[in-house]
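# Chain and residue survey
In case you want the letters, here they are:
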Amino acid sequence: MMTRTSCWRSWGALLGWLLWGLAGASAAAERTGTRSLAGPWHYMVGEPGAPPKALATGLSLPSMPVPSNWYRQGLDHAGVVWLMREVELEEAPAWVLHFQGVDYGAEVFLDGQKLGGHQGYFAPFSVQVPPEVKPGRHLLAVRVDSPNERPADFSLRKRLIKGVLNHHDTRPGGAWSLWGQDANTGGIWGEVSLVPLRAGWLEEARAVTLEASESQARLEVSARLTRTVGTGPVTVRYRIDDPKGRSVAEGTLLARGERLSAEVRLERPRRWWPAELGTPELYRLHLRVEGERGADSLAVSFGVRTVARDAQGRILINGQPFFLRGTNYIPSLYLADLTDGRLQKDLALMRKAHVNAVRVHAHVTHPEFYALADREGLLVWQDFPLQWGYQEGEAFTREAVRQLREMLGMLGHHPSVFFWSAHNEAPWSSDWMAYKYPDYDPEQNRALDQELGGVLATEDPSRPSQQNSPPAEHLWMGWYSGTYRDFRKPTSQSLVSEFGAQAVPDLSTLETFLQPGQLWPLQGSNLEVWSYHNFQLKELTEIAKVPVGNSVEELISHTQQYQARLTQFAAESLRLQKWQPVAGIFQFMFVEHWPSVNWGVVDYLRKPKPGHAALARAYQPLLPIAATRGALPGLWVYVVNDGLEPLDGVRLLITSTPGGKAREAKVSVPANGVRLLELSLPLPAKEQGLHLRLVGPGGKVLSENVYPPGYFAP
């Protein structure tokens with residue numbers, strides 16, 4: 001059998017008001033005067049404690065690039081790694097070292113003196129260089145600690161807030177094997193910058209829409225000033241530029257508790273809309289800290305828009321009910337990898353599949369993703385990185401609350417983020433854990449989630465949120481229970497946040513991470529390797545009842561056909577329940593984030609499976625659907641319209657394939673709803689398929705839906 005932790009490392013090779021740019025940072029946040037420390041850093045595997053004496057001779061140690069995750073650089077290690085480089089300090093009132101992200105714990109030293117640290121993998125942080133440090137060359141060292149969970153805690157009572165990055169059924173080894181913590185994600189994954197400080201350091205900035213209409217918007221502009229230079233007072237001023245770069249508001253932030261804030265009114269605002277409804281207009285907030293020794297500035301993008309959830313469970317964007325055609329997304333375990341154009345390609349594939357919302361599943365991903373979502377008008381459901389069970393007690397709750405507040409501060413200015421969820425499948429909502437853990441406690445983490453839910457509701461009332469995404473809204477018929485045809489039964493869930501099935505990627509993709517002898521037969525040590533790469537044979541054969549076949553090629557074909565069929569059937573069935581009560585659906589999941597046999601409709605090389613085309617058909621904003629109707633004979637035709645305008649004078653063409661004659665009917669379609677047409681069709685023979693087309697004025701094809709032969713067979 002291949003070595004588990006080395007078999008796929010090489011796959012990554014396949015794939016006034018002055019603004020000063022933070023090198024490598026997203027366009028959503030900028031500071032002035034920064035100097036990037038990206039490049040080769042020396043490293044050594046270390047132990048807890050003060051910097052070892054070997055750091056004094058650090059330049060003779062091996063090196064790796066920063067930003068990076070050390071596993072992707074060939075270092076297979078869980079625990080402490082020291083990373084170091086020389087830095088040149090010039091004359092300035094003060095210096096700050098800013099870190100975009102370190103996984104997981106960080107302690108920062110300059111010439112052996114500890115400057116500060118941070119815990120948590122996703123949030124930016126900064127430390128100040130002491131004023132007594134003289135200009136010249138100095139040794140910067142960062143002790144990074146990314147440990148595994150202790151065996152006694154893993155996997156029900158975890159202590160690291162890393163969500164899917166260190167425990168999930170899609171990561172190396174899967175959730176329930178001895179190797180489920182393989183391929184550690186530790187490292188300095190984000191940019192490190194040396195920033196001169198002249199007046200004061202703003203840790204974060206936000207502009208939140210309190211109210212907005214076509215005529216006026218009311219905003220709250222706020223910031224946190226965490227350190228100042230000198231002994232004199234400082235003033236924090238703001239300026240807002242509209243999407244065309246014109247200044248539309250300015251003033252001064254005033255102290256209110258721990259934050260500085262001001263209420264701002266904009267006349268005739270250009271509102272941010274999802275791309276499907278309008279233009280994702282972006283404003284720019286400029287902040288300037290002025291003191292006795294100079295000024296510092298920070299700028300972030302934001303959008304003017306409101307979001308709410310009504311009594312029916314519908315998401316309202318700027319007051320408009322908006323049906324969510326979503327997907328779950330983990331682009332990579334290794335955030336440093338996400339600066340190579342992968343995010344842009346993923347979003348292009350999402351647009352092609354008519355996805356209008358993304359659930360960032362049980363983790364916080366790279367900042368560039370949120371900036372792209374803002375610009376492209378893609379809605380984002382954001383999970384906090386809690387997945388399954390965690391330690392009980394005040395200490396863990398306090399740390400989780402601290403990191404949750406960091407997430408709100410980091411992402412709160414993004415208009416694309418419309419929803420927060422504090423925990424995914426918490427033990428108190430997951431009775432399936434009784435079969436997995438002999439000491440399962442059905443009340444575990446309930447108090448934790450109540451605390452986190454309270455923080456979300458009180459500290460960001462501008463967005464809807466939930467304490468937990470429970471298994472009740474994860475509909476896994478056809479994979480973990482029942483049959484995929486159970487999706488035709490009514491659901492009580494307004495937001496269905498998971499549904500899907502596995503499919504084996506194409507042979508050319510499999511051959512990049514499996515050896516020729518491991519491809520077939522699917523038994524013994526070969527099955528162990530496949531299982532390590534997340535393949536679930538039991539669910540495939542015993543629940544989905546998909547035949548394995550007599551070759552790997554047949555297995556690929558059977559699983560891909562099944563995933564495509566389930567994806568289309570589930571999505572269409574749930575869309576037929578639009579507003580009754582379904583308000584949004586999220587397929588699981590979009591891409592495979594490491595070389596695996598997984599639930600993605602796009603494999604880790606970003607090659608779409610047939611499930612991607614099925615998702616694209618089923619997610620068209622305007623969609624004709626053929627479906628059974630209770631116990632009535634034959635098929636009935638529906639039209640779903642997610643647009644805000646009704647459609648009249650539309651022709652529906654129905655053709656049996658292959659070689660059937662087209663049947664035509666004129667239909668009218670309501671805005672943002674579902675229409676059952678007064679026509680029925682006989683069930684096609686097993687060898688027949690069905691082709692539906694909606695044709696508008698001038699013969700323009702508005703939508704097409706295709707059912708392959710055998711789709712309606714019992």
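The rules we used
Residues numbered from 1 in each chain as written. Predicted model: local features only at pLDDT ≥ 70, side-chain atom pairs only at ≥ 80, totals over all residues. Heavy atoms only, no water. Helix = DSSP H or I, 4+ residues; strand = E, 2+ residues; numbered from the N terminus. Buried < 20%, exposed > 50% of the residue type's maximum accessible area, 1.4 Å probe, protein only. Contact = heavy atoms within 4.5 Å. 1 Å grid on protein atoms, 1.4 Å probe; cavity = no way out; pocket = protein on both sides within 12 Å on 5 of 7 lines; lining within 4 Å. Points joined across faces, edges and corners; volume = space filled by probe spheres on them. Nonpolar A, V, L, I, M, F, W, Y, C, P; charged D, E, K, R; others polar. Phe/Tyr/Trp six-rings, centres within 6.5 Å; stacked < 30°, edge-to-face > 60°. Expected span 1.5 Å × (residues − 1). Pairing = 2+ DSSP bridges. Salt bridge = Lys/Arg side-chain N within 4 Å of Asp/Glu carboxyl O.

Within the element layout of this structure, P608 appears in the loop between β29 (584-587) and α10 (610-618). The class of P608 is partly exposed, set by a relative accessible area of 37%. Along the sequence, P608 and S481 sit 127 residues apart, while their C-alpha atoms lie 26 Å from each other. With residues near it in sequence (within four places) discarded, P608 still touches L349, V601 and V602.

There is about 70 Å³ of room inside the largest cavity. Lining the largest cavity, in full, are A207, V208, T209, G303, R305, G412, H413, H414, P415, S462 and R463. Residue composition of the lining of the largest cavity, grouped by class: 3 nonpolar, 6 polar and 2 charged.

So, on to the packing of aromatic side chains. Taken as a whole, this structure holds 31 aromatic pairs when the rule is applied. With a centroid separation of 4.9 Å and an interplanar angle of 5°, the aromatic rings of F99 and F125 are classed as stacked. Of this pair, F99 sits in strand β6 (residues 94-99) while F125 is found in strand β9 (residues 125-129), placing the two residues 26 residues apart along the sequence. An identical accessibility class is assigned to F99 and F125; each is buried. Ring centres 6.2 Å apart and planes at 45° place the aromatic pair F569 and Y711 in the tilted group. Here F569, found in helix α9 (residues 552-575), pairs with Y711, found in the segment after β36 (701-707); they are 142 residues apart in sequence, far enough to count as distant. In terms of burial, F569 and Y711 fall into one category: buried.

Taking 1.5 Å of rise per residue, 24 residues should cover 34 Å, and α9 covers 34 Å from first to last C-alpha, within 8% of that figure. Counting buried positions over the 24 residues of α9 gives 18, a clear majority of the element.

Here we come to the pairing of strand β12 (residues 200-212). Buried residues dominate β12, accounting for 10 of its 13 residues. The pairing of β12 with strand β13 (residues 216-228) spans 11 bridges and is antiparallel. Along β13, the bridge assignment pairs R206 with S222. Counting the residues in the hairpin turn of β12 and β13 gives 3 residues.

Let's shift gears to the pattern of salt bridges. One pass over the structure, following the stated rule, counts 44 salt bridges. Among the salt bridges present, the one from D486 reaches K489, with a minimum N-O distance of 3.4 Å. Two residues, D642 and K578, come together in a salt bridge whose shortest N-O distance is 2.6 Å. Taken together, the positions of D642 in the loop between β31 (632-641) and β32 (647-657) and K578 in the loop between α9 and β29 put the pair 64 residues apart, joining distant regions of the chain. K578 gets classed as buried once you look at its relative accessible area, which sits at 4%. When salt bridges that share partners are traced, they join E276, R325, R575, K578 and D642 into one network.

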